[in-house]
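Here is what each chain is made of, one letter per residue.
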Amino acid sequence: MAGTQIPVGSTLARKVFGAALFANTQRQPSLSNNLTGPAPKQSGAEAKLKGQTSPDMPIVRVTDLSKSQGDMVSVDLINQTGGKPIMGDRMAEGKGERLDMSSMDIRIDLTTKVVDAGGKMTQQRTVHGLRGLAMANLQGWFKRFHDQSSIVHMAGARGNQVGTDWVVPLPTDPDYGEIMVNQIKAPTYNRHYVADGSSLAQGGQALASIDSTDIFKLEHIDILGAIIDDMEFKLQPIKLPGDQAADDSPLYLLMVTNRQWQSVLTNAGGTGSLSWRTFLQNAWNRASSFEGGKRHPLFTGEAGVWHNILVRKTDRAIRFAGGDSVKYCTQAGQTTAAESSVTVNSLSAGFQVDRALLLGAQALAHVYGKNQGSDTYANWMERRYNFERNLEVAGEVMGGKAKLRFDVPDSHGNKIPTDHGVIVLDTAVNLNNGS
């Protein structure tokens, strides 16, 4: 008996394949999914109502279908309560600390990708076979788009890398702003560092004086660790599922490019050096302590730990060449996150600048809204054309991303716009062959 056939363009196909596209895109291994925690179970009632994933991971995914209209989702943060305690029998009534709150709105929009499922092939394959091919292509595309758009938002820049693998266009593309949905915000001054020999310079203005010797070193990771330790309002550590050492040994994630990884390896003395072996062994030890011996995907492949910072490679680089104009937040404009542009210093031949991302919890919010005409966040559409000989398939997702930024009070009571869960580090990299 022939299997059940779902005609092209049917509402059932739209529902079934739309839900499958969304589910498969969220579950398959990818950078974005590895940085996103699980949805809460019975606890965390408010988070559960919002469909929010764990707040202990760099990316928080909110799937709130409570509103069918509107293109904004609000994300709130209650700042840490300070002040001294009230002792003994002293009057406590009326002396409560006011809850200090920050909030930001994240816009959502419809992202659509269309695949032509073939011409003459429709005469030789069932519609189900064509749907399978289209589904595989759309899943791969949405996976790359989610990863790349997440990196760009967290980095606060697109960089100059191009190629067939990049689906997020350069900022010069007339559709760039619309594709990214929310504004790409340059790193706040207190979250931006640039390599300067074996030390770090604060603020993006230092890109004007970066040179070819300012490559990535283990010493920079030590400095980043010290910076976190000294923060008045610390970058929140990430808590990976099953990490039994999470409370006693807070963990952060440093995402570096392939060239920055090579710089650390070379500067540490190569694969045979004690520093490099310790770097890798630290990661092995931490991964081995996970509950049930099950490693988190962030510890698979090449990974190292230094100063409680997990260092991982990413295949996609936010890269700048000498002479490129880069947005940064000025020191003088800290209270408003005022942006300016800096021209990257000219470097030796074969050298450019790569941006690493030091991530804590809640660096990026990925929000979804209800897709009109569908019970899920994604939609599947298909139609025949060319006298019914060709099949065209489209997937669409209603959502948006934004780097989380809130006003954090400093020691003088001033509200300082601060990237909540990400610090960027710009270093020189050597692109010459064999480096």
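Please refer to the structure placed before this passage.
Here goes a summary of the coordinates provided. Since this is a predicted model, take the numbers as computed values, not measurements.

Concerning the overall build of the protein
Next, step 1: The helix and strand inventory of the protein stands at eight helices and 19 strands.
Next, step 2: Out of the 435 residues belonging to the protein, those deemed buried represent 50%.
Next, step 3: Across the protein, the fraction of contacts at a sequence separation of at least 24, relative to all contacts at a separation of at least 6, is 72%.
Next, step 4: Looking at the protein as shown, the accessible area adds up to about 20,900 Å², and 50% of this sits on carbon and sulfur atoms.

Some points on unusual backbone geometry
Next, step 1: A positive phi angle, close to 55°, is found at His-307, a residue other than glycine.
Next, step 2: Within the element layout of this structure, His-307 appears in the loop between β8 (303-306) and β9 (309-314).
Next, step 3: A positive phi angle, close to 55°, is found at Ala-337, a residue other than glycine.
Next, step 4: Counting through the fold element by element, Ala-337 comes out in the loop between β11 (325-329) and β12 (339-343).
Next, step 5: Overall, the relative accessible area of 14% leaves Ala-337 in the buried class.

Points about the pattern of salt bridges
Next, step 1: For the coordinates displayed, the defined rule picks out eleven salt bridges.
Next, step 2: For the salt bridge of Arg-316 with Asp-165, the shortest nitrogen-to-oxygen distance reads 3.0 Å. Placement of Arg-316 in the loop between β9 and β10 (319-320) and of Asp-165 in the loop between α4 (127-155) and α5 (176-180) is noted, with a sequence separation of 151 residues between them.
Next, step 3: The class for Asp-165 is partly exposed, based on a relative accessible area of 36%.

Looking at the nonpolar core
Next, step 1: Counting 62 residues, the largest nonpolar core has Leu-240, Phe-299, Leu-310, Ile-318, Leu-357 and Leu-359 as the members making the most contacts within it.
Next, step 2: For this core, the element with the most residues is α4, which contributes eleven residues.
Next, step 3: Listed in part, the 26 residues of the second largest apolar core include Leu-224, Met-231, Val-256 and Leu-265.

Observations regarding the pairing of strand β6 (residues 199-202)
Next, step 1: Sheet analysis places strand β5 (residues 192-196) next to β6, joined by four bridges and oriented antiparallel. Its bridge partner being in β6, Ala-195 is matched across the sheet by Leu-200.
Next, step 2: Linkage of β5 to β6, two consecutive antiparallel strands, is achieved through a turn of two residues, within which Gly-197 is found at a positive phi near 65°.

Description of the pairing of strand β14 (residues 364-368)
Next, step 1: Most of β14 is tucked away: five of the five residues are buried.
Next, step 2: Residues Leu-364, His-366 and Tyr-368 of β14 are buried on one face, and the alternating residues Ala-365 and Val-367, pointing to the opposite face, are buried as well.
Next, step 3: Note that β14 and strand β16 (residues 390-403) share five bridges and pair antiparallel. Residue pairing across strands places His-366 opposite Lys-401, the latter belonging to β16.

Here's the deal with helix α8 (residues 274-288)
Next, step 1: Here α8 spans 21 Å end to end across 15 residues, near enough to the 21 Å set by a 1.5 Å rise per residue.
Next, step 2: Looking at the buried residues of α8, the elements they touch are α6 (218-230), α7 (258-267), β8 and β9.

Remarks on the packing of aromatic side chains
Next, step 1: According to the stated counting rule, one finds seven aromatic pairs in the structure shown.
Next, step 2: Taking 5.2 Å as the distance between ring centres and 5° as the angle between the ring planes, the aromatic pair formed by Trp-141 and Phe-145 counts as stacked. With a gap of four residues between them, Trp-141 and Phe-145 both fall in helix α4, about one helical turn apart.
Next, step 3: A relative accessible area of 7% means that Phe-145 is categorised as buried.
Next, step 4: Taken together, the ring pairs in this structure connect Trp-261, Trp-276, Phe-279 and Trp-306 into an aromatic cluster.
Next, step 5: One Lys or Arg, Arg-158, reaches over the ring of Trp-166 and ends 3.8 Å from the middle of that ring.

Some details on the side chain of Gln-148
Next, step 1: Positionally, Gln-148 belongs in helix α4.
Next, step 2: Among the polar contacts made by the side chain of Gln-148, one reaches the main-chain amide nitrogen of Val-167 at a distance of 2.8 Å.
Next, step 3: Among residues more than four places away in sequence, those in contact with Gln-148 are Asp-165, Trp-166, Val-167, Val-168 and Arg-316.

Rules used throughout
Residues numbered from 1 in each chain as written. Predicted model: local features only at pLDDT ≥ 70, side-chain atom pairs only at ≥ 80, totals over all residues. Heavy atoms only, no water. Helix = DSSP H or I, 4+ residues; strand = E, 2+ residues; numbered from the N terminus. Buried < 20%, exposed > 50% of the residue type's maximum accessible area, 1.4 Å probe, protein only. Contact = heavy atoms within 4.5 Å. Areas by Shrake-Rupley, 256 points an atom, 1.4 Å probe, with all protein chains shown as cover. Salt bridge = Lys/Arg side-chain N within 4 Å of Asp/Glu carboxyl O. Core = buried A, V, L, I, M, F, W, Y, C linked by side-chain atoms within 4.5 Å. Pairing = 2+ DSSP bridges. Expected span 1.5 Å × (residues − 1). Phe/Tyr/Trp six-rings, centres within 6.5 Å; stacked < 30°, edge-to-face > 60°. Lys NZ or Arg CZ within 6 Å of the ring centre and 35° of its normal. Polar contact = N/O pair within 3.5 Å; in protein donor to acceptor, adjacent residues only side chain to side chain.

So, to be careful, I would describe these as geometric facts and stop short of saying anything about function.
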